Amino acid sequence: MIDVSRQNIAGKHGNFCNNALFFWSMNVDDGKARRFLLKDKGERIKEKVGRKKRFIFLLLALLAACGGVKNDSATSSSVSQVPMRVVTDDLGRTVTVPVKITRAVSLAPSLTENIFAVGAGDRLVGVTTFCNYPEAAKSIAKIGDTMNPNMESIVALKPDVVFVSTASQIEAFTKTLEANGIAVYVTNPKDLEGLFENLTNLGRLFGTESAADILVTQLRDRSNKCFIPVRAPQRVFVQISKEPLFTIGRGAFVTELVKTAGGISVTADVESAYPKISKETASALDPEVIILSESDDNKEPNEVFNNSPAVKKGRVFKINADLLSRPGPRLVDALDQIAKDLHPEKFK
Amino acid sequence: MALTQRSQRTQRNRAVWLGGALLLLLVVVLLGAAMLGAERLPILDLSEQQWSILYDIRVPRILLGACVGASLAVAGAGLQSLLRNPLAEPYLLGVSNGAALGTMVAFVFFQSLEITRPLLAFAGAGLATIAVYRMVKNRTGMNVERLVLSGVIVTTFLSSVIVMLTTLLDAAKLRSFTFWLLGDLSQATRNGVYLSLGAVVIGTIILMSQARALNLMMVGERDAFDFGVEVGRVRMMVFGASSLVVGAAVAASGSVGYVGLIVPHLVRLTVGSDNRLVVPFSAIAGAIFVVFADTIARTAIAPRELPVGAVTALIGAPMFIYLLRRN
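Residues numbered from 1 in each chain as written. Chains lettered and ligands numbered in written order. Predicted model: local features only at pLDDT ≥ 70, side-chain atom pairs only at ≥ 80, totals over all residues. Heavy atoms only, no water.

Asks: I'm lost on the pairing of strand 1 (residues 84–88) of chain A in this one. Help?
Replies: It is a general feature of regular strands that their side chains alternate between the two faces of the sheet. Pairing of strand 1 of chain A with strand 2 (residues 94–98) of chain A, which is carried by five bridges, proceeds in the antiparallel orientation. Paired with A:Val86 across the two strands is A:Thr96, which belongs to strand 2 of chain A. (Pairing = 2+ DSSP bridges. Helix = DSSP H or I, 4+ residues; strand = E, 2+ residues; numbered from the N terminus.)

Below, the structure is given as structure tokens:
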């Protein structure tokens, strides 16, 4: 750890002046530090360089020499580099990130939630306009939405690493970012277990392992309590949008959640994660339970379900769309709600 | 004299035969469409639920498809004669996009009022038609390049406004909207069918009432004027009727492309360019085309669905190129 910090001094902030600013900036909040570093850097350096030119040069040379030696033995990279490490993301790509990630950008609401959940929310310097949870995420700089992030804003934020989810179809931008020397870490959790793994990985990346481990243990406990083994699972239709009729298919998280909670999604075998399903088929599926992913235009079941047992028996439940659609820690809240909706008797 | 009379009579006989054949084909296609779908329904002995699938979901959708197809085809036939250009088509001229923008404005700003959708679609279609017409018309008359260029400009302009408006939508709405924009008949309701049916009947009657004048105008507006055609009135009627039918069709199903281009074209190849035949035959053939395309859209990847506009484009574009090369 001592090595790391010394390399940091010699590396990322290549001269003494910047080092001073860096240490000072650790004591102020991130926004202030950023403004200071970006706007006032030039002026301040000019002032000081003029006066103490020689002294700085001397020190710089010394530090560089020190750092150089250390670097050679440790990572064999050049003097002007931050200590790096190589990690593997969910797509199996090798990604080189700084040992200590201080500036991260998230390009998906679920990732923002996850990074906050593992206790690294303060390292986020950019998020999408969709990132509305937790409250603190709202005040972080917005870099566009998940589908159309603004490359210039991202590069200007000088992040160490940009987190993307494959769901955001962001692969196209990866090249631009990597060309700018910004690491891109792709996450692709496919189920609850994948989510837990993702949280653990994020903890490891940000150096907040203990917080992540505690969180994962809690989430695992809670999701285990929602595991309801049954002989005849209830037949559930999850309505993502009423008109046109979108539902969940194979490859959607919710399909697994419903199964865990003692139900079975009647569209579990339909290809693709969020298919638009034919109303004829939906009607013929005759669900016993309907779960609405609650949003402004999805507050009641589609008319084709008017004669289904679900509507007749009033077994229509609403779950906030953000909970259902984001592979974040709140997915366990959704699971909890589904389990209670399907099997209220087990939760008395 | 006797010779022309005989040839007129044989022509009329031919038209009656063709009309009968088209109607028969329409009935066959409608019945076939009613029998095919994501769910396999036994022809006889339907359970209550199967009956409901057939009657509440499939039949309204087929009827709406027929209305939409007829609407777009008659609008295409009318606009083509009026603008004396085989490329005039609601979709390519930006009329469909005008209606789409109108619908979208209703969708984004007046969500609760059901009736605003067709009304604003009609207004949008009308404005787009007028815009294209103003751009096309100059002292020397219209030419093909001008028409196509104006259509493209209006279409892209309206598309960009639509895209800008989509940024106001959240992700879930965006998905449904994209589907609708490509032409999607899955939202068929009884009321939608009544509305489209009313619009297409009125629109077709208006266009047929102008058929004689349109025939004269195909020679040239100047000559038609000399023959005593009230050119301005005819233009108003045709634009109004086209906007009405396209507005109703787009409000119900989004913009289904190529119908207004291909169908009147094929009809003209078969029956000649007399608008008294082209307009009603286009209506029937348009209905057949869209119902056929939608049957593919409903069944190709069942239980999932394709947007019907994608299918009409898939059939329509190659057909168009083929016709273009043959002529």
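Asks: What is the right way to read the pattern of salt bridges from this model?
Replies: Where charged atoms of side chains with opposite charge meet at close range, the side chains can pair. Residue and element names in this part refer to chain B. Overall, the coordinates contain 24 salt bridges over all chains when judged by the stated rule. A salt bridge links aspartate 294 to arginine 298; the nearest nitrogen and oxygen atoms lie 3.7 Å apart. Residue aspartate 294 and its partner arginine 298 are both found in helix 13 (residues 275–299); the two are separated by four residues, about one turn of the helix. When sorted by exposure, aspartate 294 lands in the same class as arginine 298, which is buried. (Salt bridge = Lys/Arg side-chain N within 4 Å of Asp/Glu carboxyl O. Buried < 20%, exposed > 50% of the residue type's maximum accessible area, 1.4 Å probe, protein only.)

Asks: It is not clear to me how the pairing of strand 7 (residues 234–241) of chain A should be interpreted in this structure. Could you clarify?
Replies: Residue and element names in this part refer to chain A. Of all the eight residues making up strand 7, seven are buried; the element is thus mostly covered by neighbouring parts of the structure. Of the strand pairs in this sheet, strand 7 and strand 9 (residues 263–265) are connected by three bridges, and their pairing is parallel. Each bridged residue has a counterpart across the sheet, and for glutamine 234 the counterpart in strand 9 is glycine 263. Here strand 7 runs beside strand 10 (residues 289–294); their pairing, made up of four bridges, is parallel. Bridge pairing links glutamine 239 to leucine 292 in strand 10. In this sheet, strand 8 (residues 246–247) lies alongside strand 7 in antiparallel orientation, the contact comprising two bridges. For serine 241, the partnering residue across the bridge sits in strand 8 and is phenylalanine 246.

Asks: Honestly, the interface of chain B and chain A in this entry has me stumped. Any pointers?
Replies: The accessible area lost on association of the parts is a frequent measure of interface size. The interface of chain B with chain A comprises 19 residues on the first partner and 21 residues on the second. Across the chain B-chain A interface, the total number found is four salt bridges. Summed over the shared surface of chain B and chain A, the result is 12 residue pairs in polar contact (both at pLDDT 80 or more). Listed by contribution, the elements that provide at least two residues to the side of chain B that touches chain A are helix 2 (48–82) and helix 7 (171–181) of chain B. The class makeup of the residues in the side of chain B that touches chain A is five nonpolar, six polar and eight charged. (Contact = heavy atoms within 4.5 Å. Polar contact = N/O pair within 3.5 Å; in protein donor to acceptor, adjacent residues only side chain to side chain. Nonpolar A, V, L, I, M, F, W, Y, C, P; charged D, E, K, R; others polar.)

Asks: Looking at this structure, I do not really get unusual backbone geometry. What am I missing?
Replies: Working note: non-glycine residues mostly have negative phi, and peptide bonds are mostly trans. A cis amide bond, omega -5°, links A:Tyr133 with the succeeding residue A:Pro134. Secondary-structure assignment places A:Pro134 in the loop between strand 4 (124–126) and helix 6 (151–156). Along the chain, B:Ala302 connects to B:Pro303 via a cis peptide bond; the corresponding omega equals 5°. Unlike most non-glycine residues, A:Lys158 shows phi in positive territory, near 50°.

Asks: Explain a nonpolar patch on the surface here, please?
Replies: Together, B:Met35, B:Leu36, B:Ile43 and B:Leu44 line one region of the surface with nonpolar side chains, adding up to about 470 Å² of accessible area. On the secondary structure map, B:Leu44 appears in the loop between helix 1 (2–35) and helix 2. (Patch = residues over 30% accessible without salt bridge, like charges linked within 9 Å, V, L, I, M, F, W, Y side chains within 5 Å. Areas by Shrake-Rupley, 256 points an atom, 1.4 Å probe, with all protein chains shown as cover.)

Asks: So what exactly am I meant to see when it comes to the sheet that holds strand 3 (residues 104–106) of chain A here?
Replies: Paired through backbone hydrogen bonds, the strands of a sheet run either parallel or antiparallel to each other. Residue and element names in this part refer to chain A. Taken together, four strands build an open sheet; the order of strands is 4-3-5-6 and the sheet is parallel. Strands at the two margins of the open sheet, each flanked by one partner only, are strand 4 and strand 6 (183–187). Here the average twist between neighbouring strands, direction ignored, is 35°. Note: strand 5 (residues 161–165) against strand 6, five bridges, orientation parallel. Within the sheet, the bridge partner assigned to phenylalanine 163 lies in strand 6 and is tyrosine 185. On top of the sheet, helix 5 (residues 109–117) reaches strand 3, strand 4, strand 5 and strand 6; it is set at about 125° to strand 5, its chief contact. (Axes fitted to C-alpha atoms, helices over the stretch in contact; angles between N-to-C directions.)

Asks: What exactly am I supposed to notice about helix 8 (residues 190–209) of chain B here?
Replies: The periodicity of an α-helix, 3.6 residues per turn, causes residues three or four places apart in sequence to face the same way. All names here are of chain B. Look at helix 8: 28 Å from first C-alpha to last across 20 residues, which is about the 28 Å you get at 1.5 Å a residue. For helix 8, the set of buried residues is Gly192, Val193, Ser196, Ala199, Val200, Gly203, Thr204 and Leu207. Viewed along the axis of helix 8, the buried residues span an arc of 135°, placing them on a single side of the element. With respect to the buried face of helix 8, the exposed residues turned more than 90 degrees away are Asn191, Tyr194 and Ile205. Against the buried residues of helix 8 lie helix 2, helix 9 (211–217), helix 11 (231–253) and helix 13. (Expected span 1.5 Å × (residues − 1). Arc of directions from axis to C-beta.)

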